[in-house]
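# Structural features, examined
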Amino acid sequence: MIEIKDLNLTLREPILKDANFSFQEGSIYLLHALNGTGKTSVLRTMVNLIAPNSGRVLFDGQKFAQVKQQVFYLETSDWFDKNLSGLDYLKFVKSEWQSEQDLNSAIERWEMGSYIKTPIRKYSLGMKQKLLVALYRVSDAKYLLMDEINNGLDADSRQVLYQELSAWAYQKKLIIMASHYQDEVENIVDETVTLDHRQLIRG
Ligand SMILES: Nc1ncnc2c1ncn2[C@@H]1O[C@H](COP(=O)(O)OP(=O)(O)OP(=O)(O)O)[C@@H](O)[C@H]1O
């Protein structure tokens, strides 16, 4: 479970005011809000990239620092070091997150075999996005926080992504995804969480 408790966050403008929410394991949540109202900032706050003004985020009752290896958040493929290859990243994540996941299965699932040893600077947007999703799989983390992960994926790849997400939820992982493809993900999402008037609201 992830609990957001009395969270206050102000950046350029107030984003959260005394916000509370509980996310349950084995579920997929869609984080929904108008552009620029704070989805990315909320995800960043959950993983300590931004300090809130007050309040807490607890993962099964523990602070992020105590459960780091159970959480995976790679916000965007812009964060990749373009001189490294996809394989470098897959190996790094498998090692850092102490995962048992098989790299070859992830590479095959996302049809990355022909380019996985190539530097990321030679990847298209879709190729980088596939790598990003594969890293979530390879981390095998319990808590998967995703920001617009379906951006740049073609329709077929998005369907593969949704199958993967459903399988991960079945394995009792907790997935929170910010996405603009609201209609498309409706079928796999267990609950929509709307960021409205600085509160996190069900539905
Ligand atoms: N580092 C920062 N310093 C100050 N203000 C910031 C910072 N990052 C974001 N903001 C502000 O916080 C607000 C929310 O931005 P955020 O990127 O979280 O929104 P979003 O809902 O994810 O947007 P989008 O739907 O367009 O991706 C914006 O007003 C933005 O200018």
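Per an unreviewed UniProt entry, the chain goes by ABC transporter ATP-binding protein and derives from Lactobacillus xylocopicola.

What follows concerns the pattern of salt bridges. Two side chains that carry opposite charge are able to pair once their charged atoms sit near each other. Under the definition given, this model contains ten salt bridges. Note that E25 is salt-bridged to K142, the shortest N-O span being 2.8 Å. Highlighted residues: E25 in the loop between β2 (14-23) and β3 (28-32) and K142 in the loop between α5 (125-139) and β6 (143-147), separated in sequence by 117 residues. On the basis of relative accessible area, K142 is assigned to the partly exposed category, the value being 22%. As a salt-bridge pair, R202 and E191 come within 2.9 Å of each other at their nearest N and O atoms. Highlighted residues: R202 in strand β9 (residues 199-202) and E191 in strand β8 (residues 191-196), separated in sequence by eleven residues. For R202, a relative accessible area of 48% puts it in the partly exposed group. One network of salt bridges, with partners in common, ties together E25, D60 and K142.

I2, F23, M46, L90, L165 and I176 are the most contacted members of the largest nonpolar core, which has 72 residues in total. Residues contacting I2, with those up to four places away along its chain left out, are F21, S22, F23, M46, V57, L58, F59, Y143, L145, L174 and I176.

To continue, consider the pairing of β9. Where β8 meets β9, four bridges bridge the pair, whose relative direction is antiparallel. Bridging across to β9, T194 finds its partner in I201.

Now for the site of the ligand. The local shell around the ligand consists of L11, R12, I15, L34, N35, G36, T37, G38, K39, T40, S41 and H180. Here an oxygen atom of the ligand and a side-chain polar atom of R12 are 2.9 Å apart. In this structure, K39 approaches the ligand through a side-chain N or O atom, which is 2.6 Å from an oxygen atom. Computed on the free molecule, the ligand has an accessible area of 640 Å², of which 64% lies beneath the protein chains in the complex. Looking at the shell around the ligand residue by residue, the classes come out as three nonpolar, seven polar and two charged.

Whether parallel or antiparallel, the strands of a sheet pair through hydrogen bonds between backbone atoms. Within the open sheet, the three strands sit side by side as β2-β1-β4. Their pairing is antiparallel. Edge positions in the sheet fall to β2 and β4 (54-59), since each of these pairs with one other strand and no more. In this sheet, neighbouring strand axes are inclined to one another by 15 degrees on average, regardless of whether the strands run parallel or antiparallel. Pairing of strand β1 (residues 2-10) with β2, which is carried by six bridges, proceeds in the antiparallel orientation. Bridging from a neighbouring strand, E3 pairs with S22 of β2. Against the sheet, helix α1 (residues 39-46) contacts β1, β2 and β4, and its axis sits at roughly 120 degrees relative to β1.

Reading the values: rules and limits
- Each chain has its residues counted from 1, running along the sequence as written.
- In keeping with the predicted nature of the model, local features appear solely for residues at pLDDT of at least 70, side-chain atom pairs appear and are counted solely at 80 or more, and the whole-chain, interface and lining totals rest on all residues.
- Values reported for side chains reflect all heavy atoms of the structure, with hydrogen atoms and water molecules removed beforehand.
- Salt bridge, as applied in this entry: a Lys or Arg side-chain nitrogen positioned within 4 Å of an Asp or Glu carboxyl oxygen.
- Secondary structure is summarised from DSSP: a helix means a run of H or I of at least four residues, a strand means a run of E of at least two, and numbering begins at the N terminus for each.
- Residue burial is assigned from relative accessible area. The probe radius is 1.4 Å, only protein chains are included, and a residue is buried under 20% of its type maximum, exposed over 50%, and partly exposed in between.
- Residue types Ala, Val, Leu, Ile, Met, Phe, Trp, Tyr and Cys, when buried and joined through side-chain atoms within 4.5 Å, form a set referred to as a nonpolar core.
- In what follows, residue pairs with any heavy atoms lying within 4.5 Å of each other are defined as contacts.
- Whether two strands pair comes down to DSSP finding at least two bridges between them.
- Any residue with at least one heavy atom within 4 Å of a molecule or strand is counted as near it.
- Here a polar contact is taken to be a pair of N or O atoms separated by no more than 3.5 Å, where protein atoms must pair a possible hydrogen donor with a possible acceptor and residues adjacent in sequence count only if both atoms sit in side chains.
- Here, Shrake-Rupley sampling with a 1.4 Å probe gives the accessible areas, and only protein chains in the shown set may cover a residue.
- Throughout this entry, Asp, Glu, Lys and Arg are counted as charged residues, while Ala, Val, Leu, Ile, Met, Phe, Trp, Tyr, Cys and Pro are counted as nonpolar. The remaining residues, Gly among them, count as polar.
- Lines fitted to C-alpha atoms define the axes, with helix axes restricted to the stretch in contact, and inter-axis angles between N-to-C directions lie between 0 and 180 degrees.

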